[in-house]
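Read off the chains here:
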Amino acid sequence: MGDQIQFIVEKLNQEPFRKNYNLISFDSLQPLQLLQLLSDVLGEIDPKHVVDIREELPEQTAKRMLNLLGILKYKPPGTVSDLSAFRQGLVTGSKTVIHPVLHWLLQRTSELRTRAYLARFLVKLEVPAEFLQDDTVADFNKQYEELMEAFKNLHKEHEQLKISGLSTAEIRRDIGAMEEEKGQLTKRVERLKKRVETVQNHQRMLEIARQLRIEKERQESLAQQKQEQKSQLFHAEQKLQRAQVQLKEMRQMVADSKPDSLMKKLEEEMNFNSYLLTEKTPREMESKKTSVYFLQKVVAEPAMTQADLTALESERDEVNAEINQLIEKRMIKYEPTDSKFSMYRQQASIISRKKEAKAEELQAAKEEMSSLERQMEQKSSQAHELEGSEVLTEDEYKQYVSKLRSKNTLYKKKRLEIAEITAEYGILQRTEELLRQRHEAIQQQLQATEEKKGISGYSYTQEELERVSAVKSEMDEVKGQTLDNMSEMVKKLNAMVAEKKASLAPVIKELRQLRQNCQELTQECDEKKIQYDSCAAGLETNRSALEQEVKGLLEECAQEESNYRYINCMKMSLEVQLQRAREEMKAYMSPDPQERRRAVREQYTRIILEQENLGKKLREKQKVVRESHGPNMKQMKMWQDFQQLMECKRECFLKQQNQAAIGQIIQEGGKDRLVL
């Protein structure tokens, strides 16, 4: 609880609240202040709830908060009685009710803000069924639902665009860079055009350059075809090698396919399947059932706080420690250190673990193989759907490639024709421009002639009059046809309205009677529904009790089954150990010395004697080392002193050589004198 209050205080002291609370001041808040604080937090999530609670009634405040908490999907802990206590605590401003609500809201403020925003548009208004009988109301309701679906789709697209990371600034920057590059390319093309126009026979040179480009493209396509053919040849060789390997394996299988080998393979497969059926699958089912049981138990419990989690973790550590202690006690009790069978038990457990690991690997390999087979079938079906036929064989694929090549050549021819048509289109455009210029010149000459004659604008006025008269005649014809059509349509509509009124009169009378019957049936349905709910509640309690009883019996059955399997395994291991002990006794009591030598006791006796002899030799060697340790250490010390003395003499000799240029060294009586 303390961690919860500390978290609430930290969040309230941050943006956008800035309350400047501490633990003492927050804990000393009055119920009305707590309600106002809760209303402020809800107002931060939904701006419609920014309200001063002193200006509204307590019932309105509680209703408003409960509605918003219901929209935000807050689940109060406890049963129905606790829910009534929760409502009462919310009205009175109880700390035990408001503190968990604040903690839950402040943990996920951004998520709840989004949910509250969506609830403004996605909370559906329930329209009574009797109002939906009206066509206008039904149309509006349908339009309302369509708009709601459209809003959902738009919101999803908006969230996806936000996640995609494409910002408008980046797009504008890219567009500006592309426009700048386009301008540079346009200027470059214009400069090249001006430079080419000054060259003689530039049209012929452009044609030659165009042909060169076409030949280069053709060369690239031929190189690409050559590369594709090389890759096809490589794949064909690999396919041939795989086919040869498969043929060799099939021949070996046919040569080795004897009844004994087939029976051996079937026995191995049967043993593996029986292991999966009797040991692995039941153990996995038990583990899955226990995990499902614990998950259901966790889901049924209310939401937990951090303090509850820490308490559970400490309890878990204590239980694990107790389990380890009990395991150690059990091992000490049932498996003493001088037991001869511990090694065999360890080997058996290692072998069982290896067996389980190999079985899991085999099962995973089989599942992977089945999934790959399913994928191959799906790919073949998809290819069949796309192509409309089965997968192409080698000959069909070659025919398909030859068709593609012929189409490629045809495409290139058509491309050349398009280039020629494009060039001709440019010539025609130039011709059109020249004709337009000539037409404008003739028009200017005509206008000048009209001005000289004093009738300027005559030709233009004549053309306008002819055009207006043609348009007027067309409009008159259209108006006449439109008036006739409208009069006929009005007559038809009046007749249809009269017919519909006459045909709908008995239907409306029947509809009124049916509405009364519908109201009566609705009341009866409500009464039956209440009875059904009460009966269903009773049956549900009985069913839950029976389920608990069945669950307990299943757990007891599983426990007994596991005990039986454990005892059976122990029995088998003890039988194996007993058989080994009998063989050991038989070998030990046998008069044959060779047989007695194979006994484990004799082997260990020999090993013990060898180790004792080795220990004696090592002790004698240790004794010799201890006796010679003192003299050896003394001798080593003397050698170290001798080495140090020789080192000192070497240094003196080096110094003597360095001082030879300065003076003369005379040695007398074990002393050195320097004479300059």
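Cut-offs applied
- Residues numbered from 1 in each chain as written.
- Predicted model: local features only at pLDDT ≥ 70, side-chain atom pairs only at ≥ 80, totals over all residues.
- Heavy atoms only, no water.
- UniProt positions renumbered as here; feature names shortened; annotations may be inferred.
- Helix = DSSP H or I, 4+ residues; strand = E, 2+ residues; numbered from the N terminus.
- Buried < 20%, exposed > 50% of the residue type's maximum accessible area, 1.4 Å probe, protein only.
- Contact = heavy atoms within 4.5 Å.
- Areas by Shrake-Rupley, 256 points an atom, 1.4 Å probe, with all protein chains shown as cover.
- Salt bridge = Lys/Arg side-chain N within 4 Å of Asp/Glu carboxyl O.
- Axes fitted to C-alpha atoms, helices over the stretch in contact; angles between N-to-C directions.
- Parallel < 35°, antiparallel > 145°, perpendicular 65-115°, else oblique.
- Left-handed = near helix turned anticlockwise from the far one by under 90°.
- Nonpolar A, V, L, I, M, F, W, Y, C, P; charged D, E, K, R; others polar.
- Patch = residues over 30% accessible without salt bridge, like charges linked within 9 Å, V, L, I, M, F, W, Y side chains within 5 Å.
- Core = buried A, V, L, I, M, F, W, Y, C linked by side-chain atoms within 4.5 Å.
- Lys, Arg positive; Asp, Glu negative; His and termini not counted.
- Charge placed at Lys NZ, Arg CZ, Asp CG, Glu CD.
- Phe/Tyr/Trp six-rings, centres within 6.5 Å; stacked < 30°, edge-to-face > 60°.
- Disulfide = S-S within 2.5 Å.
- Expected span 1.5 Å × (residues − 1).
- Arc of directions from axis to C-beta.

- Under an unreviewed UniProt entry, the name given to the chain is Intraflagellar transport protein 81 homolog, and the organism recorded is Catharus ustulatus.
- The UniProt entry for the chain carries this comment under Subcellular location (unreviewed entry): "Cytoplasm, Cytoskeleton, Cilium basal body".
- Its UniProt record, at the heading Sequence similarities (unreviewed entry), says of the chain: "Belongs to the IFT81 family."

## Some words on the overall build of the chain
Argument step 1. Scanning the chain from terminus to terminus reveals 18 helices and two strands.
Argument step 2. Counting all 676 residues of the chain, 10% fall into the buried class.
Argument step 3. Here the contacts in the chain between residues at least 6 apart in sequence split such that 52% fall between residues at least 24 apart.
Argument step 4. A total of about 58,200 Å² of accessible surface is found on the chain, and carbon and sulfur atoms cover 57% of it.

## Side note on the pattern of salt bridges
Argument step 1. If you walk through the whole model with that rule in mind, you get 15 salt bridges.
Argument step 2. A salt bridge links K152 to E149, with the nearest nitrogen and oxygen atoms 3.7 Å apart. Placement of both K152 and E149 in helix α8 (residues 135-164) is noted, with a separation of three residues, approximately one turn of the helix.
Argument step 3. What makes E149 partly exposed here is its relative accessible area of 41%.
Argument step 4. R543 is the salt-bridge partner of E547, the closest N and O atoms lying 2.2 Å from each other. Taken together, the residues span about one helical turn, with E547 and R543 both in helix α15 (residues 458-589) at a distance of four residues.

## Here we look at the packing of helix α3 (residues 31-45) against helix α6 (residues 95-107)
Argument step 1. Interhelical geometry of α3 versus α6 gives an angle of 20° and a closest axis separation of 11 Å. The angle between the axes of α3 and α6 places the two elements in the roughly parallel class. Along this stretch, α3 crosses α6, giving a crossing that reads as left-handed. Across from L34, L35, L37, L38, V41, L42 and I45 in α3, the residues of α6 making contact are K95, I98, H99, V101, L102, L105 and L106.
Argument step 2. Here the contact of α3 with α6 is composed, by residue class, of twelve nonpolar, one polar and one charged.

## Concerning a nonpolar patch on the surface
Argument step 1. Nonpolar side chains collect at one region of the surface, where V127, F131, L132 and V137 lie side by side and expose about 290 Å² of accessible area between them.
Argument step 2. With respect to the element layout, L132 can be found in the loop between α7 (109-122) and α8.
Argument step 3. Owing to a relative accessible area of 31%, L132 belongs among the partly exposed residues under this scheme.

## Some points on the nonpolar core
Argument step 1. In terms of nonpolar packing, the biggest core is built from 31 residues, with L12, F26, L38, L72, L102 and L105 touching the most fellow members.
Argument step 2. Of all elements in the fold, only α1 (2-13), α3, α4 (58-71), α5 (80-92), α6 and α7 reach the threshold of two or more residues within this core.
Argument step 3. In contact with L105, other than residues within four places in its own chain, are L38, V41, L42, I45, L69, L72 and L112.

## Observations regarding a positive patch on the surface
Argument step 1. There is a patch of like positive charges on the surface, built from K187, R188, R191 and R195.
Argument step 2. The topology assignment puts R191 in helix α9 (residues 168-197).

## Details of the packing of α1 against α6
Argument step 1. α6 packs onto α1 with a crossing angle of 55° between their chain directions and a minimal axis gap of 10 Å. Taken together, the axis directions place α1 and α6 in an arrangement best described as oblique. Crossing geometry of α1 relative to α6 is assigned as left-handed. Counting all contacts with α1, which are made through Q4, I5, F7, I8, K11 and L12, the residues of α6 involved are H99, P100, L102, H103, L106 and Q107.
Argument step 2. When the residues that make up the contact of α1 with α6 are grouped by side-chain class, the tally is seven nonpolar, four polar and one charged.

## Notes on the packing of aromatic side chains
Argument step 1. A full pass over the atoms with the stated rule returns two aromatic pairs.
Argument step 2. Ring geometry for W639 and F642: centres 5.9 Å apart, planes at 85°, overall edge-to-face. With W639 and F642 both in helix α18 (residues 629-658) and three residues apart, the pair spans about one turn of that helix.

## Quick look at the state of the cysteines
Argument step 1. In the structure shown here, the tally under the stated rule is zero disulfides.
Argument step 2. Free of any disulfide, C648 has its nearest neighbouring cysteine sulfur in C652, separated by 4.3 Å.
Argument step 3. By relative accessible area, which is 40% here, C648 ends up partly exposed.
Argument step 4. For C652, a relative accessible area of 45% puts it in the partly exposed group.

## Some thoughts on α1
Argument step 1. If you check α1, its first and last C-alpha atoms are 17 Å apart, about what twelve residues at 1.5 Å a residue would give, namely 16 Å.
Argument step 2. The set of residues buried in α1 consists of Q4, I5, I8, V9 and L12. End-on view of α1: buried residues confined to an arc of 130°, all on one side of the axis.
Argument step 3. In the core, the buried residues of α1 are packed alongside α2 (23-27), α3 and α6.

## Side note on the side chain of N141
Argument step 1. Its place among the elements puts N141 in helix α8.
Argument step 2. A relative accessible area of 16% places N141 in the buried class.
Argument step 3. Contact partners of N141, with chain neighbours within four places excluded, come to V127 and L132.

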